[in-house]
Each structure stands twice: as C-alpha cells, then as structure tokens.
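Fold and contact review
Below are the chains, spelled out letter by letter.
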Amino acid sequence: MDPDVARTLEELERKILELERTLSSMSRREEMAGGYGGSQVTAPPVPVPSDPPATSSWSRIVDEAIEREPAARQSSPPAPSAAGHAASAQPPPVQPPPAPRPAPPLPGEQQRTPLAPTPPRPDEMLRFRDRLERAAQDLTHDYDELLGRLSYAAVPKSAGPTISFSRGAPSLDIVDVVGLRDAAVRAFESDPAGTTAYGTSVGYPRLRSWIADRHGVEPERVLVTNGSMQADAFLFEHLVRPGDDVIVERPSYDRTLLSLRQRGARLHAVELEPDGIDTDALGRLLATGGVQPKLAHIIPNFQNPAGYTLSLHKRHALLDLAVRHGFVVFEDDPYVALRFSGETLPTMLSMNPDRVVYASSFSKTVCPGVRVGYLVGPHELIAAVAQLATNTYISPSMVAQSIVYEFCASGAIDRSIETVKAALSERARALSDALRRELAEAEFVAPQGGYFMWVTLPQGTDVHALHEAAAERGVSFVKGTDFLLDGGENTLRLAYSGVTPEQIDLGVARLAEAFRSL
C-alpha cells in the first residue's frame, strides 16, 4: 500500500470516529433534555455524496468543528475507538478555564448568588451540529475516494486503466462542447429573463414548442422534465397503483424495473426477441383473463439493455392488443435518433396518439449532463402530470432547457447526431468483430443503432464470477441478471458508446481471457 495513502486513511478514520462520537454524544444529550426547543432532534446517518470534495480542505474543516464544540462535550472524555486505534491517537479533552472568584460585596450590599454560565442557544447547537455533519460527510467522501484508489491499485499494472463497457454514455470526443458553449451564450443573450426564471412545470416554452413541432402535436401535449427518468417517474406515479399489472420486456432497463416494483406493480416480463417483444406470447398472456395491464413499458429502438429494435409488424400487433385490452403503451424512446444502419421506423405515437404515451431524452443526442427529457401524451394526462411536477419541484431547470433549445434551433443537434452516429457505427462494428475473433462462444445480434449489445455465453457460465475475473483484468460490464426479474446468469450487457475501437479490441481480449480463466 502507498505509505501516503495508508497514513491518510488512518488519519481520516480517526477523525471520522471522533466526529461520530461527537454527534452521538450530542444526540444523547438532546434525548435526555427532550430535544432542542422542546422537540427531539437526532443526528441522521451520515450520507455519502456522489462526488468527493477536494482533499485539501477536510483537515481544516474537522479541526475547526472539533475545536468549536461546546464545553458540555469537552467535559467528558471520548469513548475508546471502535476501530482499535490507540487511545494516544485521540486529542485530549480541553478543560474549560476556572471560573473567576466573585468579588466581595460592598458595605451594605447583600451577597449575590453568582450567575451560572449561559448555556448555548438551541439555534447555536443546531448550527454547530450541522457543521459537524458536513465535516463528517467531507471526511467520509475522502475516505471512500482513497479506498477507491486502493481498489484501482489492486488491478495488475500491466492491465492499465480500466476499460468500461458499463456506462451508457458518449465519450467526450463525440460531444459537441463548442456548440453547447455557443448555445449557452445565445440562451443568456436572447432570453435572459426566461433562462434565469423559475419557469413553469411544463418546461421552457420555446423548447416545448420545438418538441411539439418535431412530433407534429400541439405544445399542450408536451411536458419537458429533468431527464427522461423523471418523466417515467411522473407517469408511473400518475397511472400505476399497488397491485396493478404492468407488462415489461425481458430483459428491460433496470431502473424502470426498480421504479415499478417500488410502486407495488405486478410485473409480467414477456420475452424479448431480436425484432422486439414477443407479441404472440403477450397475446396468450392477455387471453387467459388473469392479467389486465394498466400499461406496457416498451423501449422500441435499440433497446436498453439488448440493443434490439421492435419491428413494424410487431408495432402494429402491440397497438392492436392495447386497443383490445384497454392498456396504455408507454413508448420509452431515448435512442430513436441514433440509427446508423437499417430502415427508420415510425413511432407508435404517430401510429396511435390516443393509446400511446411517448418519452425521450436529449441526454443521448446532446450530452448526458443537460438532464433534459420529455413526455408526449393526451392533453388530460399531460395536465395531470404537470400538476405532479408542480408539487415536486415547481419547475425543471430553465437554464438547461434554454441551452438545449438554442442548440436544437440552431441546427447543432443535427450535426451532433451525425457525429455520434458515425462514432457509434464504428464502435459497434469493432465490438462485433472483436467478439467473433476473441470470444467465439458469445452469441449476440449486431445492433443497428444505440449504445448497447446483449451477449449470451454458454449455459453454465457464472456471470458473477466473470464480472470479478474481468475486473481483476481491468474490464467492467453490467451483468445480465441486473436487467431481469429472474435468470440470465450467463448474460451480460456491453456498452460501446464510451470506448474507442482500440479500447474495444483490448477490452474484449481481456474479457475473453477472464472467461477462459473460469
């Protein structure tokens, strides 16, 4: 282990434990006193934020927080360290200075009882504890960051940096950073009031109208959200109640499965074929009468995780089933613009706008960081979802949506899409070639667009063991079991959007080596 890292870890552990004891001590005193201001306040668990802070400030934050702790805690020595650190590593409690002796009374004056020291006010104690909690968060993050460095160091040096087939996001070299910068300048110059305002729950008006024109609908049928996952969440909250039947593809996007299960939906997974969901199997399921779905969640183009596309024939068949059995088709379509081969197909929204609710995103065509998605649906549904949005956040980010509007209206989005499609086409071809060359046992369907490829390995393959063996060789991917309610122990998802052809060749070679090591 790097000696500097080891010393820093030890110091971080010591200070985290010191802060935890401080917060625990304050909570116990609050419980004994009935809480600050007559109500009990307890310290929540220390959360771990997603982005570590700079390590240059953590020591100062903690030292200041500990030094400012009220004398009530300093009068009690800290408990022994739970992590086994020597008692000598803990700073000794600071004793308060002795109180001054009262002056003798003047002649004729009665002896007065000395006033007790003024206790800290409740707001002072709360502010102090808040400062301690923030310090603990900073320390915990720095600690996790250093542990991550140690985990990375465990990868053999010959392997080099980790090659990630895990994340469905474009690499920086295919993001139009200059175009986004110019769009941001135009947004603040052309509409400073609208860009910086709270706005409304339905989204930035100019972008809302642009999306409506793109889909050939009225703006009242569009709601712009903070990413398409929030659009999904709003729709599920409006439509799905505990116990409702919902049709999903098998496999399907893991976050969608999680969101629906958290709402208490009864999920019915229908097998996904290379040309989309098995509509014949869905018809048989519905014919039994035991399943009456509220909606069917479908990713029709370059599906996540499989990369498959729903054929035109099956789009018609699915809509016929929806009309016959009275359910909504939720067309979740963030990859539609990223076709690099094959025939472009009409959206199901355009085929039956009264039976379909459509969602898409600019994360895949502009950049993930903008977090702008949208819903298109019937007027009444969009109005109901807009009320949910109002109650959730008043309005989404006008700054992000204004920038996206300028990017789209200028035509930069079309140029960006062409750049992304060209890169994805090259990378998908490189991945297919590498798998055929290095891992002939793998079964897959070369995608016609999007970010993902679904790989099936021979029966008996333990994808969990493969995941660990690949990580040891500096390669990451997502296990197929993450996208399934059951089964899939011999499957995995490979995302090729964020890796170059050279990285793909090396990564697949390492993956094949990991497979043969099992």
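Note that the structure is predicted; figures quoted are calculated from it, not measured. (Residues numbered from 1 in each chain as written. Predicted model: local features only at pLDDT ≥ 70, side-chain atom pairs only at ≥ 80, totals over all residues. Heavy atoms only, no water.)

Below, the discussion takes up the overall build of the protein chain. A count of helices and strands for the protein chain gives 17 helices and 13 strands. Counting only residues that meet the buried cut, the protein chain has 48% of its 518 residues in that class. Taking the intrachain contacts of the protein chain between residues at least 6 apart in sequence as the baseline, contacts between residues at least 24 apart amount to 75%. (Helix = DSSP H or I, 4+ residues; strand = E, 2+ residues; numbered from the N terminus. Buried < 20%, exposed > 50% of the residue type's maximum accessible area, 1.4 Å probe, protein only. Contact = heavy atoms within 4.5 Å.)

The next point concerns the pairing of strand β4 (residues 266–273). The pairing of strand β3 (residues 245–250) with β4 spans 6 bridges and is parallel. Of the residues in β4, the one forming a bridge with V246 is L267. Chirality of the crossover, the property in question, places the unit of β3, helix α9 (residues 254–262) and β4 among those that are right-handed. Two strands pair when backbone bridges link them, and β4 and strand β5 (residues 276–277) are joined in this way by 2 bridges, in the antiparallel orientation. Residue L272 lies in a different strand from β5, and its bridge partner there is I277. Here β4 folds back onto β5, and the loop between the two strands holds 2 residues. (Pairing = 2+ DSSP bridges. Right-handed = clockwise from strand over helix to strand, strands pointing away.)

Glancing now at the sheet that holds strand β6 (residues 293–298). Backbone-to-backbone hydrogen bonds pair the strands of a sheet. The strands run either parallel or antiparallel. Pairing in this open sheet of 8 strands is mixed, and the strands run β2-β9-β8-β7-β6-β3-β4-β5 from one edge to the other. This sheet does not close on itself; its edge strands, each paired only once, are β2 (222–225) and β5. The sheet contacts of helix α11 (residues 312–325) involve β4, β5, β6, β7 (328–332) and β8 (356–361), and relative to β7 the element is tilted by about 145°. (Axes fitted to C-alpha atoms, helices over the stretch in contact; angles between N-to-C directions.)

Glancing now at helix α8 (residues 228–239). A rise of 1.5 Å per residue sets the reference length of α8, with its 12 residues, at 16 Å; its end C-alpha atoms lie 16 Å apart and thus fit the reference within 8%. Taken residue by residue, α8 has S228, A231, D232, F234, L235, F236 and L239 as its buried positions. (Expected span 1.5 Å × (residues − 1).)

On to the side chain of R208. If you trace the backbone, R208 turns up in helix α7 (residues 205–215). With no salt bridge to any partner, buried R208 finds its closest opposite charge in E220, at an N-O distance of 5.5 Å. The residues touching R208, leaving out its near neighbours within four places in the chain, are V202, P219, E220, V222 and V224. (Lys, Arg positive; Asp, Glu negative; His and termini not counted. Salt bridge = Lys/Arg side-chain N within 4 Å of Asp/Glu carboxyl O.)

For the coordinates displayed, the defined rule picks out 9 aromatic pairs. Note on F362 and Y374: the rings are 5.9 Å apart at their centroids and 45° apart in plane angle, and the pair reads as tilted. With F362 in the loop between β8 and β9 (373–376) and Y374 in strand β9, this pair connects stretches of sequence that are 12 residues apart. When its relative accessible area of 4% is taken as the criterion, F362 is described as buried. Members of the aromatic cluster, joined through ring pairs, are W210, F362 and Y374. (Phe/Tyr/Trp six-rings, centres within 6.5 Å; stacked < 30°, edge-to-face > 60°.)

Turning our eyes to something else, we now look at the sheet that holds strand β10 (residues 452–456). Across the sheet, 3 strands lie side by side as β10-β13-β12; this open sheet has antiparallel pairing. Looking at strand neighbours, the two that pair on one side only are β10 and β12 (478–479), the edges of this open sheet. Two strands pair when backbone bridges link them, and β12 and strand β13 (residues 491–495) are joined in this way by 2 bridges, in the antiparallel orientation. Along β13, the bridge assignment pairs V478 with R493. Each of β10 and β13 is contacted by helix α15 (residues 412–438), which is oriented at about 15° to β10, the strand it contacts most.

With that settled, the discussion passes to the pattern of salt bridges. All told, the structure shown has 17 salt bridges when counted by the stated rule. Measuring nitrogen to oxygen at the nearest pair gives 3.5 Å for the salt bridge that ties R214 to D414. Of this pair, R214 sits in helix α7 while D414 is found in helix α15, placing the two residues 200 residues apart along the sequence. Of the charged contacts in the structure, one is a salt bridge between R437 and E438, with a shortest N-O distance of 3.5 Å. With a relative accessible area of 48%, R437 lands in the partly exposed category.

Attention now goes to the pairing of β7. Of all the 5 residues making up β7, 5 are buried; the element is thus mostly covered by neighbouring parts of the structure. Bridging between β6 and β7 involves 4 bridges; their strand directions are parallel. Across the sheet, residue H297 finds its bridge partner in β7, namely F330. In this region the chain leaves β6, passes through α11 and returns to the parallel neighbour β7; the handedness of that crossover is right-handed.

Moving on to helix α17 (residues 501–517). Taking 1.5 Å as the rise per residue, α17 with 17 residues should run 24 Å; its terminal C-alpha atoms sit 24 Å apart, in good agreement. Buried residues of α17: P501, I504, G507, V508, R510, L511, A512, A514 and F515, and no others. On its buried side, α17 packs onto β1 (163–164), α15, α16 (463–472), β11 (475–476) and β13.

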